[in-house]
Amino acid sequence: MSGRRAAGLRAWVVQRLSAIYLGLFFVYLIGCFVFAPPASHEAWRSWVAHPYISMALLLFFLSLLLHAWVGVRNVLIDYVKPFGLRLVLLALTGLALIACGAWGLQVVILARIA
Amino acid sequence: MTKTKKRPVHLDLRRIRLPINAITSVGHRISGVLMFFLIPFCIYLLDLSLSSPRGFSRAIAILDSLPVKGILFIAIWGLVHHILAGLRCIAIDLDRGVEKPTFIRTAYAVLVAAPPVAFVVWVAL
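Quantities reported herein were computed from a predicted structural model and do not represent experimental measurements.

Q: Could you clarify how one ought to interpret the interface of chain A and chain B in this entry?
A: It is common to give the size of an interface as the accessible area that goes away when the parts come together. Listed per partner, the contact involves 30 residues of chain A and 23 residues of chain B. Roughly 2300 Å² is buried in total at the junction of chain A and chain B, and carbon and sulfur atoms are behind 79% of that figure. Across the contact surface, chain A and chain B share two salt bridges. When the shortest N-O distance is used, the salt bridge between Asp93(B) and Arg16(A) registers 2.4 Å. In this structure, the connection of chain A to chain B is made through six residue pairs in polar contact (both at pLDDT 80 or more). Those elements giving two or more residues to the side of chain A that touches chain B turn out to be helix 1 (7-35), helix 2 (41-49), helix 3 (51-79) and helix 4 (83-113) of chain A. Broken down by element, the side of chain A that touches chain B gets its largest block of residues, nine residues, from helix 3 of chain A. Looking at the side of chain A that touches chain B residue by residue, the class counts come to 21 nonpolar, six polar and three charged.

This is the structure:
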């Protein structure tokens, strides 16, 4: 699956794989918050810093970025017809998502070394 | 020169009927775009809550404030609708529920089930 010819198929696969992970993670996360909400800052920080949880969180951020990128890209391509404007909005979306990803990565790393 | 065929152009809103599956599908898009805009706020809250014990209580205070509680309900509704509509999409990809009656019924089920499920989650959180 490489090159422009398969770009649509690749996006389609990425969208569904990331969706499955995001869905499972959200159910797990909501379950945690409902049945065992973090009682203190220290309990919350050490939960995030747990190796499995921080790895799952980083995978979650990555899936979220890919999923949001494909989704917003499709919406922009469908509704924004002027080519220049579409390009600018796509670039802004990409930059915003990368910035959010970097921020999330930093937050998880800081929680681990604290 | 070929004659342009006369097309039925009517943007009379009373005559345009969106089928139920279109409403579910548009909801999938709207909820997705809404959650996209909420990503930075979620990371901000995560950052704040992990920064210090004071930040932790501040994050909880923000989540407990009235306007944020309202936004939170809409966000959870969007998330639940998005997940249910997404599951329906994947089922359709796998050729399940493609026949018209089932197709319509599942679209209706997603649309109707999302608000009460979201409400239960919102109250439980």
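Q: I'm lost on a nonpolar patch on the surface in this one. Help?
A: A cluster of nonpolar side chains, contributed by Leu105(A), Ile109(A), Leu110(A) and Ile113(A), occupies part of the molecular surface with about 380 Å² of accessible area. Looking at where Ile109(A) falls in the secondary structure, it is placed in helix 4.

Q: What exactly am I supposed to notice about the confidence of the model for chain B here?
A: Caution applies to low-pLDDT regions: their predicted coordinates should not be interpreted in detail. Summing up the model confidence of chain B, the mean pLDDT is 92 and the portion of residues at 70 or higher is 94%. Scored as a whole, the predicted complex attains pTM 0.89, and scored at its interfaces, ipTM 0.92.

Q: What's the story with the packing of helix 1 of chain A against helix 3 (residues 66-93) of chain B in this structure? I'm lost.
A: The description of two packed helices rests on the angle between their axes and on the distance between the axes. Two numbers describe how helix 1 of chain A lies on helix 3 of chain B: the axes approach to 11 Å, and their chain directions differ by 135°. Regarding the angle of helix 1 of chain A to helix 3 of chain B, the classification is oblique. At the point where helix 1 of chain A passes helix 3 of chain B, the crossing takes the left-handed sense. Residues Trp12(A), Arg16(A), Ile20(A), Phe26(A) and Ile30(A) of helix 1 of chain A touch helix 3 of chain B, and the partners they reach there are Leu79(B), Ile83(B), Ile90(B) and Asp93(B). Partitioning the contact of helix 1 of chain A with helix 3 of chain B into residue classes produces seven nonpolar, no polar and two charged.

Reading the values: rules and limits
- Residues numbered from 1 in each chain as written.
- Chains lettered and ligands numbered in written order.
- Predicted model: local features only at pLDDT ≥ 70, side-chain atom pairs only at ≥ 80, totals over all residues.
- Heavy atoms only, no water.
- Contact = heavy atoms within 4.5 Å.
- Buried area = accessible area lost by both parts, 1.4 Å probe.
- Salt bridge = Lys/Arg side-chain N within 4 Å of Asp/Glu carboxyl O.
- Polar contact = N/O pair within 3.5 Å; in protein donor to acceptor, adjacent residues only side chain to side chain.
- Helix = DSSP H or I, 4+ residues; strand = E, 2+ residues; numbered from the N terminus.
- Nonpolar A, V, L, I, M, F, W, Y, C, P; charged D, E, K, R; others polar.
- Patch = residues over 30% accessible without salt bridge, like charges linked within 9 Å, V, L, I, M, F, W, Y side chains within 5 Å.
- Areas by Shrake-Rupley, 256 points an atom, 1.4 Å probe, with all protein chains shown as cover.
- pLDDT = per-residue confidence, 0-100.
- Axes fitted to C-alpha atoms, helices over the stretch in contact; angles between N-to-C directions.
- Parallel < 35°, antiparallel > 145°, perpendicular 65-115°, else oblique.
- Left-handed = near helix turned anticlockwise from the far one by under 90°.

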